[in-house]
Amino acid sequence: KAGVTQTPRYLIKTRGQQVTLSCSPISGHRSVSWYQQTPGQGLQFLFEYFSETQRNKGNFPGRFSGRQFSNSRSEMNVSTLELGDSALYLCASSLFTATRGTDTQYFGPGTRLTVL
Amino acid sequence: EDQVTQSPEALRLQEGESSSLNCSYTVSGLRGLFWYRQDPGKGPEFLFTLYSAGEEKEKERLKATLTKKESFLHITAPKPEDSATYLCAVGLIQGAQKLVFGQGTRLTINP
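Residues numbered from 1 in each chain as written. Chains lettered and ligands numbered in written order. Predicted model: local features only at pLDDT ≥ 70, side-chain atom pairs only at ≥ 80, totals over all residues. Heavy atoms only, no water.

(A) Molecular detail of the state of the cysteines. All names here are of chain A. Tallied over the entire structure, the rule returns two disulfides over all chains. The side chain of cysteine 23 participates in a disulfide bridge whose partner is cysteine 91; the two sulfur atoms lie 1.7 Å from each other. Given an S-S torsion of about -50°, the disulfide between cysteine 23 and cysteine 91 has left-handed geometry. With cysteine 23 in strand β3 (residues 19-24) and cysteine 91 in strand β9 (residues 87-94), the pair connects residues that are 68 residues apart, well separated along the chain. For the pair formed by cysteine 23 and cysteine 91, the shared burial category is buried. (Disulfide = S-S within 2.5 Å. Helix = DSSP H or I, 4+ residues; strand = E, 2+ residues; numbered from the N terminus. Buried < 20%, exposed > 50% of the residue type's maximum accessible area, 1.4 Å probe, protein only.)

Right, here's the structure in full:
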């Protein structure tokens, strides 16, 4: 079974630009979550989508947005890039069975974004 | 405030020298505790999920345990390929698919 895939793997942008990152979940997984990883803050939750609806959102400014398509694929967008947005952006997918609590999330390889 | 703390931040061991990594948590309601391994430049790789105090899971040289306040990842007779950053994360009652991560323990196994 193929894992979570993310494209592109690397991106270099300049301040003020916007960027779109893509994530394809494991086949059959309907929940997609996004995280930002930096050396200083570690892994921080951005948002989660299920059935094309945003269910949870982390403490990030409105410049960070996302969406999910009917095939469960997801994109996240960052507008008006700032230097501090340089990070590894990780996507994770899960089945979401809601039977025991939080379902196991499986991560993709990430997209390394560098803002100059 | 929900908080996850991992200790130590870094750990160096000799090959074959067993040890434990700690993950303590202060959260409003635990809906699962997760251990991941992360190699440099890669995404976290899933290791274990624990849901209830007293639960234990094993995989090769790794064993994870859970109490009401903390979890341990025991590494028995480690090999150099076990070198990685080990991340602990908790799922919360509020916002079920949101994970709160600790800062990780960077483990180095010397041959």
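(B) Highlighting the sheet that holds strand β1 (residues 5-7) of chain A. All names here are of chain A. The strand order across the open sheet built from four strands is β1-β3-β8-β7, with neighbouring strands paired in antiparallel fashion. At either end of the open sheet lies a strand with only one pairing partner, and these are β1 and β7 (64-68). Here the average twist between neighbouring strands, direction ignored, is 20°. Relative to strand β8 (residues 74-78), β3 is paired through five bridges, and the arrangement is antiparallel. Paired with cysteine 23 across the bridge in β8 is serine 74. (Pairing = 2+ DSSP bridges. Axes fitted to C-alpha atoms, helices over the stretch in contact; angles between N-to-C directions.)

(C) Inspection of the pairing of strand β6 (residues 53-57) of chain A at higher detail. All names here are of chain A. Here strand β5 (residues 42-50) runs beside β6; their pairing, made up of four bridges, is antiparallel. Along β6, the bridge assignment pairs phenylalanine 50 with threonine 53. Between β5 and β6, which pair antiparallel one after the other, the connecting turn spans two residues, and serine 51 there sits at a positive phi close to 50°.

(D) Broad picture of the sheet that holds strand β1 (residues 3-7) of chain B. Residues and elements named next belong to chain B. A sheet is described by the order of its strands in space; here five strands give the open sequence β1-β3-β8-β7-β6, paired in antiparallel fashion. Only two strands of the sheet have a single partner each, and these edge strands are β1 and β6 (56-59). Geometrically, the sheet is characterised by an average inter-axis angle of 15° between neighbouring strands, direction not taken into account. By the bridge criterion, five bridges tie β1 to strand β3 (residues 19-26) in an arrangement that is antiparallel. In the strand pairing of β3, threonine 5 is matched with serine 24.

(E) Just the nonpolar core, in detail. Counting residues in each nonpolar core, the largest one holds 24 residues, and the members touching the most others are Leu33, Trp35, Leu73 and Tyr86 of chain B. Contributing elements (two or more residues each) for this core: β2 (10-14), β3, β4 (30-38), β5 (45-50), β7 (62-66), β8 (70-75), β9 (84-92) and β11 (105-110) of chain B. Counting residues per element, this core draws most heavily on β9 of chain B, which supplies five residues. Ignoring anything within four residues of it in the chain, the contact list for leucine 73 of chain B reads Ser19, Ser20, Leu21, Trp35, Phe48, Leu62, Lys63, Ala64 and Tyr86 of chain B. Listed in part, the 21 residues of the second largest apolar core include Val4, Leu21, Ile26 and Tyr49 of chain A. (Core = buried A, V, L, I, M, F, W, Y, C linked by side-chain atoms within 4.5 Å. Contact = heavy atoms within 4.5 Å.)

(F) Structural context of the pattern of salt bridges. All names here are of chain A. By the definition in use, this model includes nine salt bridges over all chains. Put simply, arginine 55 and glutamate 48 hold a salt bridge, and the shortest N to O gap is 2.4 Å. Taking the relative accessible area as the measure of exposure, arginine 55 reaches 32% and is therefore partly exposed. With relative accessibility at 0%, the residue glutamate 48 sits in the buried group. For arginine 67, the salt bridge goes to glutamate 75, with nearest N and O atoms at 3.3 Å. Judged by its relative accessible area of 16%, glutamate 75 is buried. Ionic contacts of the salt-bridge type, sharing partners, join the residues Arg63, Glu82 and Asp85 into one network. (Salt bridge = Lys/Arg side-chain N within 4 Å of Asp/Glu carboxyl O.)

Purely geometric stuff here, so don't read any function into it on its own.
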